[in-house]
Amino acid sequence: MKSIQISLQMASSVKEFVNIVQKYAFEIDLRCDRYVVDAKSILGIFSLDLSKPINVEIHSDDCEELIKELKPFQV
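Residues numbered from 1 in each chain as written. Predicted model: local features only at pLDDT ≥ 70, side-chain atom pairs only at ≥ 80, totals over all residues. Heavy atoms only, no water.

Q: What should I look at first to understand the sheet that holds strand 2 (residues 28–32) in this one?
A: Hydrogen bonding along the main chain pairs the strands of a sheet, whether they run parallel or antiparallel. Within the open sheet, the 4 strands sit side by side as 1-4-2-3. Their pairing is antiparallel. Both outer strands of the open sheet, strand 1 (2–6) and strand 3 (35–38), are each paired with one neighbouring strand and no more. Pairwise comparison of adjacent strand axes, ignoring direction, gives a mean angle of 25° for this sheet. Summarising the sheet, strand 1 and strand 4 (residues 54–58) pair through 5 bridges and their orientation is antiparallel. When the sheet's bridge partners are listed, I4 is paired in strand 4 with V56. (Pairing = 2+ DSSP bridges. Helix = DSSP H or I, 4+ residues; strand = E, 2+ residues; numbered from the N terminus. Axes fitted to C-alpha atoms, helices over the stretch in contact; angles between N-to-C directions.)

Okay, structure coming up:
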């Protein structure tokens, strides 16, 4: 498993983020404080506190391409 921190401040960035992660078959979770949601769920993401940095937990060791695509969101 790999983990990175991102920021999703605007609704348009949430939509763009979900479009990216939906292309990958492996599981991806978002963790904010004690809450964990599926990164492929727009409603789940909007239930998080988006004013804080969010941890992306990627449940795969072969995820370099995904990490490259998520660079614009990293903090």
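Q: Is there a simple way to explain the environment of L48 in this structure?
A: Structurally, L48 can be placed in the loop between helix 2 (42–46) and strand 4. Overall, the relative accessible area of 9% leaves L48 in the buried class. When the C-alpha atoms of L48 and R31 are compared, they prove to be 8.5 Å apart, with 17 residues separating the residues in sequence. Discounting residues that sit within four places of it in the chain, L48 has contacts with L30, C32, Y35, V37 and I54. (Buried < 20%, exposed > 50% of the residue type's maximum accessible area, 1.4 Å probe, protein only. Contact = heavy atoms within 4.5 Å.)

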